[in-house]
Amino acid sequence: MSNIAAEPAVQVCQGRPDAGPVRELLPARAVPLGESTVVRRLLPTMGRRMVGSWCFVDHYGPDEIAREPGMQVPPHPHTGLQTVSWLLDGEVHHRDSLGSDCLIRPGELGLMTAGGGIAHSEQSPDPHSPMLHGAQLWVALPDGERERAPSFDHHRELPVLREPGATATVLLGELAGARSPGQVHTALIGVDATLVSGADAVLPLEGDFEHAVLTVSGAPEVDGEELQPGSLCYLGTGRSTLRLRAATPSRLLLLGGIPFTEKIVMWWNFIARTGEEIAAARERWQAELTGEAEATEMVEATGSGAFRPGPFGAVTGFEGPALAAPPLPPTPLRPRGRTR
Ligand code: MN
């Protein structure tokens, strides 16, 4: 027997099928960030790399930084993604190569769209609040949008839904008719839910989204399971509601979206589709760091229509050197799906 179909369907094995609603606790990894901050990295993990188009989830703090510099992340580049800065306590000073220069405070959305290339720095200002607590999240851009012009948006006003015992702020996407002003390029949701003692609330969900809950404080009971701060609980697909209860004051981020079916390559601060694109982005950044980019225009990319990263540009106002890219790994970078 041979397959006589002109274009046989390609079946991509992504490790595990979408099994509908599940509860899967994903472990955190401690990762140093800059010189003085350690974060808990919850995505990507070995077995699950994305939730919708959310592809990177760091939870940091609460850290006492009254006598410390706090977050100090020098200028570094991004491609192919949006960064979402969300603070629970303290503030972060964002600067980027478009000239953006702003302080992001709790309840405000910092949404940076890297597109084809941008550079930014993130710092605790001086002086700063004594506590620092927040989440740094990335959203992968789909193929048709990943080379778009970079942008930065600071949304100080976000829609808030109130129920007895529960308050939900919509960071991105739409919940119960309340839509975030943040521009996204895939169907997704990001919600900050605050629960008082004794809360018992039901959030409406999109049934064709997959979802996960990042617990940031307290001990919320999500779908009947009590969660701990700094944990990510993957909830699968096929849910139209999510019950949230709390015996003590608790706070969580609900992240979800249509499962992202494209395979991506994620390395350092770049998202691309091939290892060659990643190498080109790295080379471009390094060339800009050493001042060679304009002189030699060395990133002649990999054929017509290929992704051309950058220019990333300089971050004015940051005192100190930008971050150099680490060396590429010795083994080829391969595109990966949303699960393993
Ligand atoms: Mn960054």
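Residues numbered from 1 in each chain as written. Predicted model: local features only at pLDDT ≥ 70, side-chain atom pairs only at ≥ 80, totals over all residues. Heavy atoms only, no water.

Visitor: Is there a simple way to explain the overall build of the chain in this structure?
Guide: If you tally the helices and strands in the chain, you get 2 helices and 26 strands. Counting every position in the chain, which comprises 340 residues, the buried fraction comes to 52%. When contacts within the chain are restricted to residue pairs at least 6 apart in sequence, long-range pairs at least 24 apart make up 73% of them. Total accessible area computed for the chain in this model is approximately 15200 Å², and 52% of it derives from carbon and sulfur atoms. (Helix = DSSP H or I, 4+ residues; strand = E, 2+ residues; numbered from the N terminus. Buried < 20%, exposed > 50% of the residue type's maximum accessible area, 1.4 Å probe, protein only. Contact = heavy atoms within 4.5 Å. Areas by Shrake-Rupley, 256 points an atom, 1.4 Å probe, with all protein chains shown as cover.)

Visitor: I'm lost on the coordination of the manganese ion in this one. Help?
Guide: Note on metal sites: the ideal angle is 109.5 degrees for four tetrahedral donors, and 90 or 180 degrees for six octahedral donors. Within the first shell, the manganese ion binds the protein through His-76 (NE2), His-78 (NE2) and His-120 (NE2), at distances of 2.1 to 2.2 Å. Along the chain, the residues donating to the manganese ion fall in the pattern H-x1-H-x41-H. Its relative accessible area of 4% is what places His-76 among the buried residues. For His-78, a relative accessible area of 2% corresponds to the buried category. (Donors = N, O, S within 2.8 Å, 3.2 Å for Na, K, Ca; no water.)

Visitor: Whenever I open this one, the packing of aromatic side chains confuses me. Can you help?
Guide: Here the distance between the centres and the angle between the planes together describe a pair of aromatic rings. A full pass over the atoms with the stated rule returns 6 aromatic pairs. With a centroid separation of 6.3 Å and an interplanar angle of 55°, the aromatic rings of Trp-267 and Trp-268 are classed as tilted. An aromatic cluster is present here, built from Trp-267, Trp-268, Phe-270, Trp-285 and Phe-312 joined pairwise through their rings. The ring of Tyr-234 carries the charged tip of Arg-48 above its face, separated from the ring centre by 3.6 Å. (Phe/Tyr/Trp six-rings, centres within 6.5 Å; stacked < 30°, edge-to-face > 60°. Lys NZ or Arg CZ within 6 Å of the ring centre and 35° of its normal.)

Visitor: I keep staring at the sheet that holds strand 23 (residues 241-246) and nothing clicks. Help me out?
Guide: Pairing between the strands of a sheet is mediated by backbone hydrogen bonds and can be parallel or antiparallel. Taken in spatial order, the 4 strands line up as 18-23-20-21 in an open sheet, and their pairing is antiparallel. Strands with a single pairing partner mark the edges of an open sheet, and in this sheet they are strand 18 (199-204) and strand 21 (225-226). Bridging between strand 20 (residues 221-222) and strand 23 involves 2 bridges; their strand directions are antiparallel. Bridge pairing in strand 23 places Val-222 opposite Leu-244. (Pairing = 2+ DSSP bridges.)

Visitor: Would you mind going over the pattern of salt bridges with me for this structure?
Guide: Opposite charge on two side chains lets them pair, provided their charged atoms get close. Taken as a whole, this structure holds 16 salt bridges when the rule is applied. Bridged by salt links that share partners, the residues Arg-23, Asp-223, Glu-225 and Arg-239 form one connected network. (Salt bridge = Lys/Arg side-chain N within 4 Å of Asp/Glu carboxyl O.)

Visitor: I keep staring at the nonpolar core and nothing clicks. Help me out?
Guide: Trp-54, Val-57, Val-84, Leu-137, Leu-172, Leu-214 and Leu-232 are the most contacted members of the largest nonpolar core, which totals 25 residues. Dropping the residues within four chain positions of it, Leu-172 is found in contact with Trp-54, Val-84, Leu-109, Leu-111, Ser-180, Gly-182, Val-184, Leu-188, Ile-189 and Gly-190. (Core = buried A, V, L, I, M, F, W, Y, C linked by side-chain atoms within 4.5 Å.)

Visitor: Which parts of the structure should I look at to understand the sheet that holds strand 19 (residues 210-217)?
Guide: On the basis of which strands lie adjacent, the open sheet formed by 7 strands has the order 1-22-19-24-17-14-13 and antiparallel pairing. Unpaired on one side and paired on the other, strand 1 (21-26) and strand 13 (160-163) mark the two borders of the sheet. The mean inter-strand angle of the sheet, taken between neighbouring strand axes irrespective of direction, is 20°. (Axes fitted to C-alpha atoms, helices over the stretch in contact; angles between N-to-C directions.)

Visitor: Where do I start with helix 1 (residues 275-289) in this structure?
Guide: Because each turn of an α-helix spans 3.6 residues, side chains separated by three or four positions in sequence point in the same direction. For helix 1, which comprises 15 residues, the first-to-last C-alpha distance of 21 Å matches the rise-based estimate of 21 Å (1.5 Å per residue) to within 8%. Burial runs high along helix 1: 11 of the 15 residues are buried. Gly-275, Glu-277, Ile-278, Ala-280, Ala-281, Arg-282, Arg-284, Trp-285, Gln-286, Ala-287 and Glu-288 are the residues of helix 1 that are buried. With its phi angle positive at about 80°, Gly-291 sits one or two positions after the end of helix 1. (Expected span 1.5 Å × (residues − 1).)

Visitor: Could you clarify how one ought to interpret the side chain of Ser-124 in this entry?
Guide: Tracing the sequence through the fold places Ser-124 in the loop between strand 10 (118-123) and strand 11 (131-140). On the basis of relative accessibility, which here comes to 5%, the residue Ser-124 falls in the buried class. Excluding anything up to four places from it in sequence, Ser-124 contacts Ile-65, Pro-69, Gly-70, Met-71, Gln-72, Glu-91 and Leu-132.

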